[in-house]
Amino acid sequence: MAKRDLRRLLRLSPGETVDLAAHDPAATPDAPGDKHASLADAERMGEELAELQERLWAAGTAGDRRRVLLVLQGMDTSGKGGTVKHVIGHLNPSGCRIRAFKAPTAEELRHDFLWRVRQALPQPGEIGIFDRSHYEDVLVARVRRLVPAAAIGSRYGLINDFERALTEEGVTVVKCFLHLSYEEQRRRLLRRLDRPDKRWKFAPSDIDERALWPAYQQAYELALEHCAAPPWYVIPADHKWYRNWAVGRLLLEHLRELDPEYPQSPFDLAECRERLLKET
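Everything quoted here is computed from the prediction, not taken from an experiment. (Residues numbered from 1 in each chain as written. Predicted model: local features only at pLDDT ≥ 70, side-chain atom pairs only at ≥ 80, totals over all residues. Heavy atoms only, no water.)

**Some points on the overall build of the protein chain**
Within the protein chain, the secondary structure is distributed over 12 helices and five strands. For 280 residues, the compact-globule formula gives about 19 Å, and the C-alpha radius of gyration of the protein chain, at 21 Å, lands near that figure. Dimensions along the principal axes, computed over C-alpha positions, put the protein chain at roughly 75 × 45 × 40 Å. By residue count, 48% of the 280 residues in the protein chain fall in the buried class. A total of about 14600 Å² of accessible surface is found on the protein chain, and carbon and sulfur atoms cover 51% of it. Counting 43 positive and 43 negative side-chain charges, the protein chain places the averaged centre of each group 4 Å from the other. (Helix = DSSP H or I, 4+ residues; strand = E, 2+ residues; numbered from the N terminus. Rg over C-alpha atoms; globule rule 2.2 N^0.38 Å. Buried < 20%, exposed > 50% of the residue type's maximum accessible area, 1.4 Å probe, protein only. Areas by Shrake-Rupley, 256 points an atom, 1.4 Å probe, with all protein chains shown as cover. Lys, Arg positive; Asp, Glu negative; His and termini not counted. Charge placed at Lys NZ, Arg CZ, Asp CG, Glu CD.)

Listed below in structure tokens is the structure:
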């Protein structure tokens, strides 16, 4: 198992000018070996993740307000859903709150852009997972010019205030940008066309969105720069096995740091044991 803190390797520094072209989407920093070794390590990590999640959930029942929010952002086919399946799949779903954000509904559009996000936040003891998030409102909205440029600029500040408040309330926010290459996205879209079991994920509009790739890269760079606290982690996503291993490792490092504890029993253990033993 890798011994270094992966957070230091993948974290963007506050104030850093982000150039995504300088980050290799096919890199595998600090991986424990090849694909086979990383898959095996991910399974081992899954056991510890499950234990720490149970401790966090148990602590939440006793008044511990802490919780975790994993934010997954990335271009189409970067693997947001796959990450949920392979990383969060190790955890007890009862202690998880997963939300995939699509285009806003008519009701959501009647509120400010953060309203629907607030409804989906994890409760104390839970791990929340956002497949896309409030960042869509400075990404798609910017590229597609859905709101005036001045509104996009103000949204960065609103997001910073929102995430700062979450941190103060005991939410550990882990923001992961799944960094995919243009060429790998094309290969994955072609595989969706070739495989009947994957074809349902494809839409002709996916090709139209590729024409906007440079604009999306710039929108991501600006979002990563302007909303840097809590920090972003750039996850190379061309190799699915590495993407899953890295996100799992980051989540594990944050949970280890939280180090949740099972709550103390609020009842007399000896008395309860004696009552059970006396049952006929």
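Once the structure has been displayed, the description carries forward.
**A short note on the pairing of strand β4 (residues 171-179)**
By the criterion of burial, β4 is predominantly enclosed, with nine of the nine residues buried. Both faces of β4 are covered, namely the face carrying V171, V173, K175, F177 and H179 and the face carrying T172, V174, C176 and L178. Taken together, the five bridges between β4 and strand β5 (residues 232-236) define a ladder with parallel strand orientation. Across the sheet, residue F177 finds its bridge partner in β5, namely V234. (Pairing = 2+ DSSP bridges.)

**Side note on the packing of helix α2 (residues 35-61) against helix α11 (residues 240-258)**
In a pair of packed helices, the angle between the axes and the distance between the axes together describe the arrangement. One way to put it is that α2 packs onto α11 with a least axis distance of 9 Å and a crossing angle of 30°. As the angle between them shows, α2 and α11 are arranged roughly parallel. The hand of the α2/α11 crossing is left-handed. Facing α2, whose interface residues are K35, S38, L39, D41, A42, M45, E48, L49, L52 and L56, α11 presents W241, W245, G248, R249, L251, L252, L255 and R256. Along the lines of polarity and charge, the residues of the contact of α2 with α11 split into 11 nonpolar, two polar and five charged. (Axes fitted to C-alpha atoms, helices over the stretch in contact; angles between N-to-C directions. Parallel < 35°, antiparallel > 145°, perpendicular 65-115°, else oblique. Left-handed = near helix turned anticlockwise from the far one by under 90°. Contact = heavy atoms within 4.5 Å. Nonpolar A, V, L, I, M, F, W, Y, C, P; charged D, E, K, R; others polar.)

**Considering the side chain of S38**
Its location among the elements puts S38 in helix α2. For S38, the contacting residues outside a window of four places in its chain are A31, P32, G33, W241 and W245.

**Regarding the environment of W57**
As for its placement among the helices and strands, W57 is situated in helix α2. According to the relative accessible area criterion, W57 is partly exposed, its value standing at 31%. Through-space distance from the C-alpha of W57 to that of P124 is 7.6 Å; in sequence the pair is 67 residues apart. Excluding its chain neighbours within four sequence positions, the residues that come into contact with W57 are N92, S94, G95 and G125.

**Looking at the nonpolar core**
Core analysis: the largest hydrophobic core is formed by 36 residues, its most contacted members being F130, Y135 and V138. A total of seven residues in this core trace back to one element, the largest contributor, which is helix α10 (residues 213-226). Every residue in contact with V138, bar those within four places of it in the chain, is listed here: I152, R155, Y156, I159, A219 and A223. (Core = buried A, V, L, I, M, F, W, Y, C linked by side-chain atoms within 4.5 Å.)

**Side note on the sheet that holds β4**
Picture the strands of a sheet paired through backbone hydrogen bonds; they go either parallel or antiparallel. Pairing is parallel in the open sheet, where five strands are placed in the order β2-β3-β1-β4-β5. Since the sheet does not close on itself, it has two edges, and those belong to β2 (96-100) and β5, each with one partner. Averaged over all pairs of adjacent strands, the angle between strand axes in this sheet comes to 20°, irrespective of strand direction. Across the sheet, α10 touches β1 (67-74), β4 and β5, and the angle it forms with β4 is around 155°.

**Structural notes on unusual backbone geometry**
Note that the residue after A229, namely P230, is joined by a cis bond; omega there is 0°. With respect to the element layout, P230 can be found in the loop between α10 and β5. The residue T77 is not glycine, and still its phi comes out positive at about 75°. For T77, the position within the fold is in the loop between β1 and α3 (80-87). Since its relative accessible area comes to 9%, T77 is described here as buried. Residues other than glycine seldom take positive phi values, yet R132 does so here, at roughly 70°. Mapped onto the elements, R132 comes out in the loop between β3 (127-131) and α6 (136-143).

**Notes on the packing of α6 against α10**
One can describe the packing of α6 onto α10 by two numbers: an axis separation of 9 Å at closest approach and a directional angle of 145°. Relative to α10, α6 is oriented so that their crossing is right-handed. Side by side, α6 and α10 meet where E136, V138, L139, V140, R142 and V143 of the first sit next to A215, Y216, A219, Y220, L222 and A223 of the second. Considered class by class, the residues forming the contact of α6 with α10 number 10 nonpolar, no polar and two charged.

As far as function goes, none of this settles anything; it's purely spatial.
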